[in-house]
Amino acid sequence: MFRFTETSPFNYVDYFVRAVQFLAKYKWIFCYNNTKFIRSGVLEELPQQWIADLNAVSNEEFNQIPLGFIKEFLYPHPQDTWCDSFREFLLQVTQLQVQYDQHDNVPHKDNRQKPARKGINAKKAYEIDNLCSFIESVQCRANTTLYVDFGSGLGYLSELIHERCGANVLGIEANPALVQTCNNRLQVHKTKAVQYCHHFITEDSYDFIEQERNIRFGTHQHLPAAVVGLHACADLSITAINCFLRCEWVKSLTIMPCCYHRMVPRDETVPNEFLNFPLSQELRALLREDGKRGIICRSFLRLGCQQTSARWKERTVEQHLQHGRIMFRRGLIDAVLEQDESVRVGKLNVVPAVTTVDNMLEQFKLLKEFDNVSHETRWTEQHRERLSALLEKYGTEGPKLAEYVECLQTCLQSICENVILLDRMCYLETVAQQTGLQVRRNLVRLRDDGLSPRCFIVYASKGR
């Protein structure tokens, strides 16, 4: 297991070499859209010995596999242990875990109970409160009196920072309706300490942001500012990192990245090449090697931001069965479609325990594209024959195998996310070193990633 801390150097190359080699070997588990796992032949790639081992585990053991459970040799019943290849896979998963510092939310000094803001669910409230708590904990280092909130949304983080840190906040949001909602709320509170600006942030926005900062908070233009962001979606977190690296007025950065799979492609005509991933020369060089190019794809990025193993561990037997049936049915229907065909998924009150051709074609409505418009049409006899052949091939085992694939993907989720985030930190350190910038940096994990899969905070501050 690796360790990432604020004060210790991290061997990025060592981690990337091991992770890329491992992911290249097991890319059959994740390098496809999840609905295409049957079409992509994933069930044929799943080793029969692994299937036998998974068939023999209890539900409690099955839930613990993505958390590091490995069935060891048990004397005098060696037949009860797992096959060598499955154990080796899981051992490598454990070895590629990274231990990060954790942030424990410190209750604010103002312990008065305030009513919850309307429209915030428990997950979002947890994220806002913890990110603001972390910002409070590092505020004194950067002597910050102004925060710039990238992608401020409905302004909940911006206003909480002002309440708790006593600082001015400039929220920048691309959605004009959200900016108007925030401004309407500010008129009620009659404060100018928090202000909102409608703007879509890009790499060309840094001068505009500084100008807005000076116009709106002119008395603070010579004081340090901090960039923060709760949902630094897709490329926005990289834009924030570059703002920190390039702009003298930005003294610290605290963001919570998400939605890696929405990153912008480098070229629309070239699949699976992205403008901002990989960022580091170290990872980029490794991925040029034969057999490793196919690792980086949108499915890899999507897996990196999917549910963590913390959510997997609570599933009941019925929940596994239900999820496996849903996944199997989606894979089946995708496998019989032609290139110009798609489906509209009908809702079911209860997913049938037994999948048949008839209940499949009743749930999914066939759409065919004519002149760039999808029209509903009838299923053909050829569709029925293909479905029937697949059902005969996989029988009643299909849903169970689908859930096994999901289990293996959950094992890999943290490794994919590690590669994505460590690539960004490696890039940040390298650019800082090249430009003579002294920085402190850290990747901090929130404790309850079962409540929020958006569980990492990227933090960096400039030295004196």
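The residue numbers shown here count from 1 along each chain, following its written sequence. Given that this is a predicted model, residues contribute local features only at a pLDDT of at least 70 and side-chain atom pairs are listed and counted only at 80 or more, while totals for whole chains, interfaces and linings are drawn from all residues. For the side-chain quantities, the full set of heavy atoms in the structure was used; hydrogens and water were omitted.

Per an unreviewed UniProt entry, the recorded name for the chain is Methyltranfer_dom domain-containing protein, and the organism is Anopheles stephensi.

(A) Representation of the sheet that holds strand E10 (residues 341-345) within the structure. In this analysis, strands are considered paired if DSSP registers two or more bridges between them. Runs of E in the DSSP output that reach at least two residues are strands. Runs of H or I that reach at least four are helices, and both are numbered from the N terminus. Ordered by their spatial adjacency, three strands build an open sheet running E10-E11-E12, and the pairing between neighbours is antiparallel. Among the strands making up the open sheet, the edge pair consists of E10 and strand E12 (373-377). Along the sheet, successive strands turn relative to each other by an average axial angle of 40°, direction set aside. In this structure, E10 lies alongside strand E11 (residues 364-370), joined through five bridges in antiparallel fashion. Residue pairing in the sheet places Val343 in a bridge with Leu366 of E11. Throughout, an axis means a line fitted to C-alpha atoms (over the contacting stretch in the case of helices), and angles, computed between N-to-C directions, take values from 0 to 180 degrees.

(B) Molecular detail of helix H7 (residues 156-165). Using a 1.4 Å probe on the protein chains alone, a residue whose accessible area is under 20% of its type maximum counts as buried, one over 50% counts as exposed, and one in between counts as partly exposed. With eight of 10 residues buried, H7 is to be regarded as a mostly interior element. Among the residues making up H7, those that are buried are Tyr156, Leu157, Ser158, Glu159, Leu160, Ile161, Arg164 and Cys165.

(C) Main features of the environment of Arg293. By secondary structure assignment, the location of Arg293 is in the loop between helix H11 (281-287) and helix H12 (298-304). Since its relative accessible area comes to 55%, Arg293 is described here as exposed. When the C-alpha positions of Arg293 and Trp249 are compared, they lie 39 Å apart, and in sequence the two are 44 residues distant. Contact criterion: two residues are considered in contact whenever any of their non-hydrogen atoms come within 4.5 Å of each other. Apart from the residues within four sequence positions on either side, Arg293 is in contact with Leu287 and Arg288.

(D) Fine view of the packing of helix H5 (residues 84-95) against helix H17 (residues 398-434). Taken N-terminus to C-terminus, the directions of H5 and H17 make an angle of 30°; their axes are 10 Å apart at the nearest point. If you check the angle between H5 and H17, you find them roughly parallel. Along this stretch, H5 crosses H17, giving a crossing that reads as left-handed. Of the residues in H17, those in contact with Phe86, Phe89, Leu90 and Val93 of H5 are Leu408, Cys411, Leu412 and Ile415. Gly is put with the polar residues, along with every residue not named as nonpolar or charged; the nonpolar set is Ala, Val, Leu, Ile, Met, Phe, Trp, Tyr, Cys and Pro, and the charged set is Asp, Glu, Lys and Arg. Considered class by class, the residues forming the contact of H5 with H17 number eight nonpolar, no polar and no charged. By the definition adopted for this analysis, an angle is roughly parallel if under 35 degrees, roughly antiparallel if over 145, roughly perpendicular if from 65 to 115, and oblique otherwise. Crossings are sorted by hand: turned counterclockwise from the far helix by less than a right angle, the near helix makes the crossing left-handed, and turned clockwise it makes it right-handed.

(E) Layout of the packing of aromatic side chains. Only Phe, Tyr and Trp rings take part, Trp by its six-membered ring, and two of them pair if their centres are within 6.5 Å. Stacked means planes under 30 degrees apart, edge-to-face means over 60, and tilted covers everything else. Here the structure, examined in full by the defined rule, presents 24 aromatic pairs. Ring centres of Trp50 and Phe86 lie 5.1 Å apart, and the angle between their planes is 40°; this geometry places the pair in the tilted category. With Trp50 in helix H3 (residues 48-55) and Phe86 in helix H5, this pair connects stretches of sequence that are 36 residues apart. The burial state of Trp50 is the same as that of Phe86; both residues are buried. Each residue in the set Phe2, Phe4, Phe10, Tyr12, Tyr15, Phe16, Tyr100 and Phe456 is aromatic and connected to the rest through ring pairs, giving one cluster. Distance and angle both matter: a charge sits over a ring if NZ of Lys or CZ of Arg is within 6 Å of the ring centre and within 35 degrees of the ring normal. Taking NZ or CZ as reference, Lys462 lies 5.1 Å from the ring centre of Phe244, over its face.

(F) View of the pairing of strand E5 (residues 194-198). Within E5, four of the five residues are buried, leaving the element largely enclosed by the surrounding structure. With five bridges connecting them, strand E4 (residues 168-173) and E5 associate as parallel partners. Residue Ile172 lies in a different strand from E5, and its bridge partner there is Cys197.

(G) Seen up close, the sheet that holds E4. A sheet is described by the order of its strands in space; here nine strands give the open sequence E1-E2-E13-E14-E7-E6-E3-E4-E5, paired in mixed fashion. The strands lining the two open edges of the sheet, one partner per strand, are strand E1 (2-4) and E5. Direction aside, the axes of adjacent strands within the sheet are offset by 25° on average. With three bridges joining them, strand E2 (residues 98-103) and strand E13 (residues 439-446) adopt parallel strand pairing. Across the sheet, the residue bridging to His103 is Leu446, located in E13. Across the sheet, H7 lies against strand E3 (146-150), E4, E5 and strand E6 (225-233), angled at about 155° from E5, the strand it touches most.

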